[in-house]
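Tertiary structure, described
The primary structure of each chain is shown beneath.
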Amino acid sequence: MRQLTILILSILSIQLGTAQINEIGVFLGGSNFIGDVGATDYISPNQLAIGGIYKWNRSKRHSYRASIIFSDLKGIDSKSDDPRRVQRGYEFSTKITELSLGMELTFLDFNLHSGEKLGTPYLFTGITLAYHDNHYFANNVQTPENTASWAYGIPMALGFKTNFMENFILAVEVGARYTFSDELDGSLPDANELQPFRFGNINNNDWYMFTGITLTYTFGENPCYCQE
């Protein structure tokens, strides 16, 4: 029985090892921030987001995925529906560079070598790292700390993709990033001596959203499942 199990696992590993194809392309869209400053609308892109994306399609139903995205996160209290924020009148902007790594799961089989036009919804999750400058508010004005931090996070994205022409895949995606940080908007200064400038709900971490499209080019060895 042990030998049979080893044989089955060996066959599966060989099959999975050849079932791969690469995608490389670009992401273009917008970002919006959800935290202690600005509006709290979930899907309301207000800043440009652009980046690159790579996928390794491990099977018809899942891919490993990595990306880098550049954007500004901006929060403006006057755009909020909360009258207390409108009265406060804070405003911030910070550049971020996000690195993400994770897995993309499709709802339907996505066999790129079937010769057919395909489309499927998909989910993406994994881990993110967002590099950003630190700041705080003094006299209601955004003030730099002259330091920077990495914010760890979890991406949760929903999208739809289709191979609209040979070797090219177009996708539309909405993705939320939950971070393990409350520093992005300046409500929790990084330096200990700046703790008197803290504000907002310190029990809620920051979120931000990316909404946009990806265009990827496929290349590499045809996967074994193209003959199924």
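Keep in mind that what you see is a predicted model, and the values were worked out from it rather than measured.

Examining the side chain of Lys55
Residue placement: Lys55 occurs in strand β2 (residues 47-57). One polar contact links Lys55 to Glu104, side chain to side chain, over a distance of 3.0 Å.

Examining the confidence of the model for the chain
Mean pLDDT over the chain: 89, with 88% of residues reaching 70 or higher. Here helix α1 (residues 2-18) stands out as the least confident element of the chain, with mean pLDDT 43; strand β4 (residues 91-106) is the most confident, with 98. A low-confidence stretch, residues 223-228 (pLDDT under 50), is modelled with 16 contacts involving residues beyond four sequence positions or located in other chains.

Focus: the packing of aromatic side chains
Taken as a whole and assessed by the stated rule, the structure comprises twelve aromatic pairs. Taking the centre distance of 5.1 Å and the plane angle of 80° together, the rings of Tyr90 and Phe199 count as edge-to-face. Here Tyr90, found in the loop between α2 (83-88) and β4, pairs with Phe199, found in the loop between β7 (168-179) and β8 (207-219); they are 109 residues apart in sequence, far enough to count as distant. You'll find Tyr90 and Phe199 in the same group, each marked buried. Pairwise contacts between aromatic rings join Phe27, Tyr208 and Phe210 into one cluster. If you follow Lys55 out to its NZ or CZ, it ends over the ring of Tyr122, 5.5 Å from the centre.

Notes on empty space enclosed by the protein
Under the criterion given, the structure shown has two cavities of 30 Å³ or more. Volume-wise, the largest cavity comes out at about 70 Å³. Taken together, Phe27, Ile53, Arg65, Ser67, Ile69, Glu173, Val174, Arg177, Phe210, Gly212 and Thr214 form the lining of the largest cavity. Residue assignment for the lining of the largest cavity shows that the elements contributing at least two residues are β3 (62-76), β7 and β8. Split by residue class, the lining of the largest cavity holds five nonpolar, three polar and three charged.

Parameters and conventions
Residues numbered from 1 in each chain as written. Predicted model: local features only at pLDDT ≥ 70, side-chain atom pairs only at ≥ 80, totals over all residues. Heavy atoms only, no water. Helix = DSSP H or I, 4+ residues; strand = E, 2+ residues; numbered from the N terminus. Polar contact = N/O pair within 3.5 Å; in protein donor to acceptor, adjacent residues only side chain to side chain. pLDDT = per-residue confidence, 0-100. Contact = heavy atoms within 4.5 Å. Phe/Tyr/Trp six-rings, centres within 6.5 Å; stacked < 30°, edge-to-face > 60°. Buried < 20%, exposed > 50% of the residue type's maximum accessible area, 1.4 Å probe, protein only. Lys NZ or Arg CZ within 6 Å of the ring centre and 35° of its normal. 1 Å grid on protein atoms, 1.4 Å probe; cavity = no way out; pocket = protein on both sides within 12 Å on 5 of 7 lines; lining within 4 Å. Points joined across faces, edges and corners; volume = space filled by probe spheres on them. Nonpolar A, V, L, I, M, F, W, Y, C, P; charged D, E, K, R; others polar.

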